[in-house]
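Given next are the chains, with one letter for each unit.
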Amino acid sequence: MRKRTIFRSSRMVLVILALLVAFPVASSGIVSAQEPQPQQPAVHVVSPGETLWSLAQRYFGDPLLWPEIYRLNTVVVEDPHWIFPGEELRLQALPPVAMDTTGIPVDEQAVVGVRPPPPTPAPPPPSTGAAPSIFAQQQGGANEFITNLRADAYRYKPLRRGEFYSAGFLTEQERLPWADVEGAVDRPRLRNLRGSSAAQLLEEIRLVAPRGATYQVGDSLLVAWLGREVEGWGNVVAPSGIVTVTEVSGRQVRAQILEQFGRIADGQVALPTEPFRDPGNIVPVPVENGAMGQIIELRDLSAIAGQQDIVFVDLGRSDGVVPGDVFEILRARSQDDPFADTPLEQLGIMHVVFVRERSASAVLTHISGLGIEPGAPVRLILKMPS
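Residues numbered from 1 in each chain as written. Predicted model: local features only at pLDDT ≥ 70, side-chain atom pairs only at ≥ 80, totals over all residues. Heavy atoms only, no water.

Q: Please set out the environment of Thr365 residue by residue, giving values where relevant.
A: Along the chain, the position of Thr365 falls in strand 15 (residues 360-367). Separated by 17 residues in the primary sequence, Thr365 and Gly348 place their C-alpha atoms 7.7 Å from one another. (Helix = DSSP H or I, 4+ residues; strand = E, 2+ residues; numbered from the N terminus.)

Q: For the pairing of strand 9 (residues 269-272), give the residues involved together with the corresponding values.
A: In the sheet, strand 4 (residues 179-184) pairs with strand 9 via 2 bridges, with the strands oriented antiparallel. Paired with Ala179 across the bridge in strand 9 is Ala270. Across 4 bridges, strand 6 (residues 220-230) lies against strand 9 in antiparallel orientation. Across the sheet, Leu221 pairs through a bridge with Pro272, a residue of strand 9. (Pairing = 2+ DSSP bridges.)

Q: Explain helix 3 (residues 52-60) to me, and be specific about the residues and the numbers.
A: Taken residue by residue, helix 3 has Leu52, Leu55, Ala56 and Tyr59 as its buried positions. In a view along the axis of helix 3, the buried residues occupy a sector of 100°, so they form one face of it. Positive phi shows up at Gly61, right after helix 3, with a value of about 75°. (Buried < 20%, exposed > 50% of the residue type's maximum accessible area, 1.4 Å probe, protein only. Arc of directions from axis to C-beta.)

Q: Explain the side chain of Glu87 to me, and be specific about the residues and the numbers.
A: Following the sequence through the fold, Glu87 ends up in the loop between helix 4 (66-72) and strand 2 (88-90). No salt bridge is formed by the buried Glu87; its nearest oppositely charged neighbour, Arg160, is found at 9.8 Å. Within polar-contact distance, the side chain of Glu87 engages the backbone nitrogen of Phe84 at 3.2 Å. Not counting residues within four places of it along the chain, the set of residues in contact with Glu87 comprises His44, Val45, Val46 and Val76. (Lys, Arg positive; Asp, Glu negative; His and termini not counted. Salt bridge = Lys/Arg side-chain N within 4 Å of Asp/Glu carboxyl O. Polar contact = N/O pair within 3.5 Å; in protein donor to acceptor, adjacent residues only side chain to side chain. Contact = heavy atoms within 4.5 Å.)

Q: Quick rundown of the pattern of salt bridges? Include the residues and the values.
A: Scanning the model with the defined rule gives 12 salt bridges in all. A network of salt bridges, in which partner residues are shared, links Glu204, Glu247 and Arg254.

Q: Let's hear about the nonpolar core: which residues, and what values?
A: The biggest cluster of nonpolar side chains holds 20 residues, and the ones touching the most others in it are Ile295, Phe327, Ile329 and Met350. At the level of elements, strand 11 (292-298), strand 12 (310-313), strand 13 (326-330), strand 14 (346-355), strand 15 and strand 16 (377-383) are the ones that each hand at least two residues to this core. It is strand 14 that contributes the most residues to this core, 4 residues altogether. Each residue touching Phe327, except ones within four places of it in the same chain, is listed here: Ala291, Leu315, Val321, Gly348, Ile349, Met350, Val352, Val378, Arg379, Leu380 and Ile381. Val181, Tyr215, Val243 and Val245 belong to the second-largest nonpolar core, a separate cluster that totals 17 residues. (Core = buried A, V, L, I, M, F, W, Y, C linked by side-chain atoms within 4.5 Å.)

Q: Let's hear about the pairing of strand 14: which residues, and what values?
A: In terms of residue burial, strand 14 counts as a mostly covered element, since 9 of its 10 residues are buried. As judged from the 5 bridges shared by strand 13 and strand 14, these two strands associate in the antiparallel manner. Looking at the pairing, Leu330 lines up with Gln346 of strand 14. Hairpin connection, strand 14 to strand 15: the antiparallel pair is bridged by 4 residues.

Q: Account for unusual backbone geometry, naming residues and giving values.
A: Unlike most non-glycine residues, Leu202 shows phi in positive territory, near 75°. Examined against the element boundaries, Leu202 turns out to sit in the loop between strand 4 and strand 5 (204-208). With a relative accessible area of 55%, Leu202 lands in the exposed category.

Q: Any details on the side chain of Arg299? Residues and values, ideally.
A: Mapped onto the elements, Arg299 comes out in the loop between strand 11 and strand 12. Side chain to side chain, Arg299 and Asp300 meet in a polar contact 3.1 Å long.

Q: Mind laying out the packing of aromatic side chains, listing which residues take part and the relevant values?
A: Taken as a whole, this structure holds 4 aromatic pairs when the rule is applied. For the pair Phe164 and Phe276, a centre-to-centre distance of 5.4 Å together with 55° between the ring planes defines the contact as tilted. Placement of Phe164 in helix 7 (residues 161-166) and of Phe276 in the loop between strand 9 and strand 10 (285-286) is noted, with a sequence separation of 112 residues between them. Looking at Phe276, the relative accessible area reads 21%, which means it is partly exposed. (Phe/Tyr/Trp six-rings, centres within 6.5 Å; stacked < 30°, edge-to-face > 60°.)

Q: Describe in detail the environment of Leu221, supporting the description with residues and values.
A: Along the chain, the position of Leu221 falls in strand 6. For Leu221, a relative accessible area of 0% corresponds to the buried category. Between the C-alpha atoms of Leu221 and Gln256, which are 35 residues apart in sequence, the distance is 10.0 Å. Residue contacts for Leu221: discarding those within four places in its chain leaves Leu207, Tyr215, Gly241, Ile242, Val243, Val245, Ala270, Leu271, Pro272 and Thr273.

Structural data, given as structure tokens:
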């Protein structure tokens, strides 16, 4: 009896070998998948129509990472809602800035008159003789990233015009001369829309001036939402734009939108803008035992505070606070905390951008922990020279 085999003929083996010779594995596209990809450029020149959102999608693969591009370009981008053709935006962080115990970058200490102490070489770490572990602390990585964040936080320009006007403030229960915004001047073309509507940049809106107020052509007004009331501190004012008066007829006013921070529509209010005084190249200097206060409220209600959020604190002009001052946010402690004698943990850094008599508005530039919420203590660490 003839034995059975898996292959009745050797011709099939010869066919398979011929196919492998004719079509090698390298031609299947596996090698091409390992070809080196083009590196991300260090600088991007803005083209018309581009936004931080689209650039984050293009270079980082996620549009929600746009705050990282804004953080790297705070010197160029004044308002993250607006970038302009021709601007050069960094896409990679600069090398870490040399810092010492004063909290000021070494290359800026000559400006503020700080004499850094001579550097002391650190002793080499002791050798444990153990094999490296994936859980062992490596050079760079997260620690280097945090160092760069702190350096950028201190290098942040102390005061910007856009933040000065867009930050908002607390009314401190003061009766301010609000004008009423009635909406866009141009009527909607569709009949089923309301007579008043939202307006956009360079369009005109109608306002009704408060009784006893006198507006003139060329006056600048801050348009804002008059938001929720904070007990003991009045209402939250959230600016939406700046307009300039173009026509006045009694209490009826027309104004053109020059800057826009949000939606401008009927139901909002307006009042004359305060003058912005640019401090130029002046930078804040370190202080010891700075003034202590606490967070009153965050302007925008959110579960977790984020970078560029606006924070209201209970220190103002009467306490000597001025725009450009820098505060650190600390973790609050209870009276029965067993670690009451140890230094408080730093949760973040914020720069004051607007000041009223009893309160100030600050923008969060660095966050290192959770707990930035109403009641958290704050301490002045950098003070603008008088």
